[in-house]
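Each chain, letter by letter, is given below.
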2 protein chains.
Amino acid sequence: MARRSDHSREELRDLILGAAEQLIVDHGLGGLSARAIARRVGYTPGTIYLVFTNLDDVILHVNARTLDRLRVPMAAAVAESGSSAEQLRRVARAYAAFAQAQPNLWRACFEHRLPDTVAGPDYIDTRIAGLVALIMDPLAEATGATGAALDTAAQALWSGVHGICMLTLTGKLHMVGGQAVAHLTDDLVSHYLAGVRAEAAPTGGAA
Amino acid sequence: MARRSDHSREELRDLILGAAEQLIVDHGLGGLSARAIARRVGYTPGTIYLVFTNLDDVILHVNARTLDRLRVPMAAAVAESGSSAEQLRRVARAYAAFAQAQPNLWRACFEHRLPDTVAGPDYIDTRIAGLVALIMDPLAEATGATGAALDTAAQALWSGVHGICMLTLTGKLHMVGGQAVAHLTDDLVSHYLAGVRAEAAPTGGAA
DNA sequence: GGGCGGAAATGAACGCCGTTCAATAGCGCG
DNA sequence: CGCGCTATTGAACGGCGTTCATTTCCGCCC
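Model, not experiment: these values are computed from the prediction.

Trainee: Talk me through the relation of the copies chain B and chain A; I want residue IDs and the actual numbers.
Mentor: In screw terms, the move from chain B to chain A is a rotation of 180° and a rise of 0.0 Å along the axis, fitting with an RMSD of 0.0 Å. In short, the pair behaves as if placed about a two-fold rotation axis. When the interface residues of chain B are mapped onto chain A, 100% of them again lie at the interface, so the same face is used by both copies.

Trainee: Break down empty space enclosed by the protein for me, citing the residues and quoting the values.
Mentor: Residue and element names in this part refer to chain B. For the coordinates displayed, the defined rule picks out 3 cavities of 30 Å³ or more. Considered as a void within the structure, the largest cavity measures approximately 120 Å³ in volume. Lining the largest cavity are Met-74, Leu-88, Val-91, Ala-92, Tyr-95, Ile-135, Leu-157, Trp-158, Val-161, His-162 and Val-189. Put simply, the parts of the chain that give the lining of the largest cavity at least two residues each are helix H5 (84-101) and helix H9 (147-170). Looking at side-chain class alone, the lining of the largest cavity contains 10 nonpolar, 1 polar and no charged residues. There is about 110 Å³ of room inside the second largest cavity.

Trainee: Go over the packing of aromatic side chains, please, and point to the residues and values.
Mentor: Tallying each qualifying case throughout the model produces 6 aromatic pairs over all chains. Pairing B:Tyr95 with B:Trp106 gives two aromatic rings, centres 5.9 Å apart and planes at 85°, and the pair type is edge-to-face. On the criterion of sequence distance, the pair formed by B:Tyr95 in helix H5 and B:Trp106 in helix H6 (residues 103-111) is long-range, its members being 11 residues apart. For the pair B:Tyr95 and B:Trp106, a shared accessibility class is recorded, and that class is buried. Through pairs of rings, three or more aromatic residues link up here, namely A:Tyr95, A:Trp106, A:Phe110 and A:Trp158.

Trainee: If you had to explain the environment of A:Leu50 to someone new, which residues and values would you point to?
Mentor: All names here are of chain A. With respect to the helices, strands and loops of the structure, Leu-50 is situated in helix H3 (residues 45-51). Using a relative accessible area of 56% as the deciding quantity, one classes Leu-50 as exposed. Separated by 25 residues in sequence, Leu-50 and Ala-75 have C-alpha atoms that sit 36 Å apart.

Trainee: Would you mind going over the domain arrangement of chain A in detail, with residue names and values included?
Mentor: All names here are of chain A. The domain boundaries assigned to chain A delineate domain 1 (7-52) and domain 2 (56-200). With 17 residues of domain 1 at the interface, the matching set in domain 2 holds 13 residues. Summed over both sides, the interface between domain 1 and domain 2 buries roughly 1200 Å², with carbon and sulfur atoms accounting for 71% of that surface. Ranking the residues of domain 1 by area buried against domain 2 places Leu-17, Glu-21 and Leu-29 at the top, with a combined share of 44%.

Trainee: Provide a residue-level description of the interface of chain B and chain A, including the pertinent values.
Mentor: Counting from both sides, the interface comprises 49 residues of chain B and, opposite them, 49 residues of chain A. Linking chain B with chain A are 0 salt bridges. Summed over the shared surface of chain B and chain A, the result is 9 residue pairs in polar contact (both at pLDDT 80 or more). If you tally residues by element for the side of chain B that touches chain A, the top one is H9(B), at 14 residues.

Trainee: Describe the side chain of A:His61, and please don't skip the residues or the numbers.
Mentor: All names here are of chain A. Note on placement: His-61 falls in helix H4 (residues 55-79). Polar contacts involving the side chain of His-61 include one to the main-chain carbonyl oxygen of Asp-57, which spans 2.9 Å. Residue contacts for His-61: discarding those within four places in its chain leaves Arg-13, Leu-17, Phe-52 and Tyr-123.

Trainee: Describe the packing of H5(B) against helix H10 (residues 181-200) of chain B, with residues and values.
Mentor: Residues and elements named next belong to chain B. Two numbers describe how H5 lies on H10: the axes approach to 9 Å, and their chain directions differ by 150°. The angle between the axes of H5 and H10 places the two elements in the roughly antiparallel class. Relative to H10, H5 is oriented so that their crossing is right-handed. Counted together, Ala-85, Leu-88, Arg-89, Ala-92, Arg-93, Ala-96 and Gln-100 of H5 and Val-181, Ala-182, Thr-185, Asp-186, Val-189, Ser-190, Leu-193 and Arg-197 of H10 form the full contact between these two elements. By residue class, the composition of the contact of H5 with H10 is 8 nonpolar, 3 polar and 4 charged.

Trainee: Could you give an account of the side chain of B:Ser159, naming the residues involved and the relevant values?
Mentor: Secondary-structure assignment places B:Ser159 in helix H9. Overall, the relative accessible area of 0% leaves B:Ser159 in the buried class. Those residues within four positions of B:Ser159 in sequence are excluded, and the remaining contacts are A:Gly160, A:Gly163, A:Ile164, A:Leu167 and A:Leu173.

Trainee: Outline helix H8 (residues 136-143) of chain B, listing residues and values.
Mentor: Residues and elements named next belong to chain B. For H8, the set of buried residues is Met-136, Pro-138, Leu-139, Ala-142 and Thr-143. The buried side chains of H8 occupy one side of the element, clustering within an arc of 165° when seen end-on. Exposed residues lying more than 90 degrees from the buried face of H8 are Asp-137 and Glu-141. Of the surrounding elements, those touching the buried residues of H8 are helix H4 (55-79), H5, helix H7 (122-134), H9 and H10.

Conventions we followed
Residues numbered from 1 in each chain as written. Chains lettered and ligands numbered in written order. Predicted model: local features only at pLDDT ≥ 70, side-chain atom pairs only at ≥ 80, totals over all residues. Heavy atoms only, no water. Least-squares fit on C-alpha atoms with pLDDT ≥ 70 in both. Contact = heavy atoms within 4.5 Å. 1 Å grid on protein atoms, 1.4 Å probe; cavity = no way out; pocket = protein on both sides within 12 Å on 5 of 7 lines; lining within 4 Å. Points joined across faces, edges and corners; volume = space filled by probe spheres on them. Helix = DSSP H or I, 4+ residues; strand = E, 2+ residues; numbered from the N terminus. Nonpolar A, V, L, I, M, F, W, Y, C, P; charged D, E, K, R; others polar. Phe/Tyr/Trp six-rings, centres within 6.5 Å; stacked < 30°, edge-to-face > 60°. Buried < 20%, exposed > 50% of the residue type's maximum accessible area, 1.4 Å probe, protein only. Domains from an automatic or database assignment. Buried area = accessible area lost by both parts, 1.4 Å probe. Salt bridge = Lys/Arg side-chain N within 4 Å of Asp/Glu carboxyl O. Polar contact = N/O pair within 3.5 Å; in protein donor to acceptor, adjacent residues only side chain to side chain. Axes fitted to C-alpha atoms, helices over the stretch in contact; angles between N-to-C directions. Parallel < 35°, antiparallel > 145°, perpendicular 65-115°, else oblique. Left-handed = near helix turned anticlockwise from the far one by under 90°. Arc of directions from axis to C-beta.

This is the structure in structure tokens:
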């Protein structure tokens, strides 16, 4: 044993992340373990700790990858032509579609909890902030909001769509008529935007 | 050892649930273990399995308790006088306030994942459905929606408020201006309702 | 070519976990 | 008083994250 550079440190890193990702895809976060990763890559558990500081570190890097992949369809949704409201509906649908297509990876991003004593790393914060940033321009255009009002709208709408995905995915939305996710996000985005606009151009009358 | 009926089965059940709840409150779901519960109640781990089928069973019963407690302020919020829109804003605030006051218990209800092969028990589904049912009447009144449209509105709004609570609590809402939870839920509820109403009484003009 | 320094990888170890179950210890009854 | 019954134990199994002394091999220098 003790092969020297069967794989470079970089290769080993990718190997481990790939194995971890596959384990999460197949069995969820709960199916991930250092020993399972090691088995998959043909090393021993100890080796993982030469490349990552601990399992949380591995998970966070898998999550970073996932957020990068999630960004692609979301960015595309904003890039396409259409009214700002349509763009926002499309982004929400893209988010929901990703969550449905890769439920275990998506959930890993939001269900993984690290010890209360340690803060999440910047490279995760940055990526999430980057996703939220995608909707700011269309949202400003669709609502006419600026400053703090725009921040509020972004947070409310983003959280709302996120909540729809989460509750739908985990089956914790117990209702008689279960609605399709895209239908729910469309409904939330459309009506929320209409509501903000209605407030901007206040009571009753035309113009 | 082997004390006979120091506690009745029923007392033991409550003892275990109380200990489990306190452990979750103090350290989150991750701080819960059969051994920790046993230590707290002065029994051995094996005893827990005489009363509950496994740890998941314990957690689910703690969650049922939590949902019962969550129901109280929510029901009070609907009972108070005020417009239906105000009632809905109050329910949302009550939900958010509970989530903030008991973050670990609230999160346990939604982050606990049982093996994919087994379905959640009815007594959880029933309780969640009961909570959602609280908002149906005011929502019907506030929006004028009925049937499937009402279901859609309930699911969208409920999920939205839930998402705000979850992302705020887990600190995964990465934005420059972090808004207070109550502000966000008020904003979402108000604007969503306004949007649905605006659609019902369609374009521009008065009446 | 031979040997050596240093680094890569191992694998055993620690203390935790959920869960099971034969063995035991104490109560209630005859 | 002693027996049977059952509530409870505690040891055991396999798995977990993590650490680190030990081993194994590579590349370099002589």
